[in-house]
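Descriptive analysis of the structure
Read off the chains here:
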Amino acid sequence: MKLLVISDTHGYLSNARDVLNRIGKYMSGVIHLGDHSYDAEDLKTEYPDLPFYIVRGNNDFGSKAPNTATLSLNGKKLVLTHGHLQQVYWSYDSLYYWAEEQGADVVLFGHTHRPVNDNKGRILVFNPGSISMPRGVPQPTFGILEIAKNGMIYGSIMEYIDSQTFLRKA
């Protein structure tokens, strides 16, 4: 099972649409980690064959999306948040402990616009960065999260170069 993970679109959907047009048919679903959850609702309408999992970010005023969500997929527990409530700008410690309390195998977050793909202890800490407005990296980024049949979880950060090019980040 492969999931496309995006965050922090902030109303700019051209890159996200391009990615979905090119690889959406290979994905089992799409996770949008907030800012702007309304963008995710638009994409959900445009790509009705894909399940969307959406959480609200700090700029999602009036959104009905939840602040957090929990998914159980292929026997793994994923917790989703935008990250502002866990104060991820200062440290990932609060995020990690929160995920640990939830019994998560993976915690996915956004907010910083900076990609993270790191195993801390037993939990994968994963931020796809921003597909629209990157910070700290030269290109927009998105993530692919794979949950293999054997239970292994693989996170990949992808750079969006242009409509023809994706590069996997190390």
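Residues numbered from 1 in each chain as written. Predicted model: local features only at pLDDT ≥ 70, side-chain atom pairs only at ≥ 80, totals over all residues. Heavy atoms only, no water.

Before going further, it helps to examine the overall build of the protein. Each helix and strand in the protein was counted, giving three helices and 11 strands. When the helices and strands of the protein are placed in sequence order, the string is β-α-β-α-β-β-β-α-β-β-β-β-β-β. Taken against the 2.2 N^0.38 rule, which gives 15 Å for 170 residues, the C-alpha radius of gyration of the protein at 14 Å falls within 12% of a compact globule. Over its C-alpha atoms, taken along the principal directions, the protein stretches across nearly 40 × 40 × 30 Å. Looking at the protein as a whole, 52% of its 170 residues qualify as buried. Of the roughly 8,000 Å² of accessible surface on the protein, a fraction of 47% belongs to carbon and sulfur atoms. Charged side chains of the protein number 16 positive and 17 negative; the gap between the two group centres comes to 4 Å. (Helix = DSSP H or I, 4+ residues; strand = E, 2+ residues; numbered from the N terminus. Rg over C-alpha atoms; globule rule 2.2 N^0.38 Å. Buried < 20%, exposed > 50% of the residue type's maximum accessible area, 1.4 Å probe, protein only. Areas by Shrake-Rupley, 256 points an atom, 1.4 Å probe, with all protein chains shown as cover. Lys, Arg positive; Asp, Glu negative; His and termini not counted. Charge placed at Lys NZ, Arg CZ, Asp CG, Glu CD.)

Aromatic ring pairs are reported here in terms of the distance separating the ring centres and the angle at which the planes meet. Counted according to the given criterion, the structure contains five aromatic pairs. When the ring of Tyr96 is compared with that of Tyr97, the centres are 5.8 Å apart and the planes differ by 70°; the resulting orientation is edge-to-face. An angle of 45° between the planes, with centres 6.0 Å apart, marks the rings of Tyr160 and Phe166 as tilted. Given a relative accessible area of 19%, Phe166 falls into the buried group. Three or more aromatic residues link up through ring pairs in this structure, and these residues are Phe142, Tyr160 and Phe166. In this arrangement the basic side chain of Arg22 is found over the ring face of Phe166, its NZ or CZ atom lying 3.9 Å from the centre. (Phe/Tyr/Trp six-rings, centres within 6.5 Å; stacked < 30°, edge-to-face > 60°. Lys NZ or Arg CZ within 6 Å of the ring centre and 35° of its normal.)

Another aspect to go through is the pattern of salt bridges. Two side chains of opposite charge can pair, provided their charged atoms sit close to one another. Taken as a whole, this structure holds three salt bridges when the rule is applied. In this structure, Arg22 and Asp18 form a salt bridge, with 3.7 Å as the shortest nitrogen-oxygen distance. Here Arg22 pairs with Asp18, and both are found in helix 1 (residues 14-23), just four residues apart, close to one helical turn. What makes Asp18 buried here is its relative accessible area of 15%. (Salt bridge = Lys/Arg side-chain N within 4 Å of Asp/Glu carboxyl O.)

Turning to helix 3 (residues 93-102), a few remarks are in order. Buried residues of helix 3: Leu95, Tyr96, Trp98 and Ala99, and no others. Down the axis of helix 3, the sector holding all buried residues measures 165°, keeping them to one side. Those residues of helix 3 that are buried lie in contact with strand 4 (68-73), strand 5 (76-81), strand 6 (106-108), strand 7 (115-120) and strand 8 (123-128). Following helix 3 by one or two positions, Gly103 has its phi on the positive side, about 75°. (Arc of directions from axis to C-beta. Contact = heavy atoms within 4.5 Å.)

Attention now moves to unusual backbone geometry. Keep in mind that most residues, glycine aside, have a negative phi and that most peptide bonds are trans. In this chain, Asp35 is followed by His36 through a cis amide linkage whose omega measures 15°. Mapped onto the fold, His36 is located in the loop between strand 2 (29-32) and helix 2 (37-46). One non-glycine residue with positive phi stands out, namely Asp8, at about 50°. With respect to the helices, strands and loops of the structure, Asp8 is situated in the loop between strand 1 (2-6) and helix 1.

Further remarks concern the pairing of strand 8. Within strand 8, six of the six residues are buried, which leaves the element mostly enclosed by the surrounding structure. Summarising the sheet, strand 6 and strand 8 pair through three bridges and their orientation is parallel. Considered in strand 8, the bridge of Val107 is made with Val125. Sheet analysis places strand 7 next to strand 8, joined by six bridges and oriented antiparallel. Bridging across to strand 8, Lys120 finds its partner in Ile123. Here strand 7 folds back onto strand 8 in antiparallel fashion, the turn holding two residues, of which Gly121 has a positive phi close to 65°. (Pairing = 2+ DSSP bridges.)

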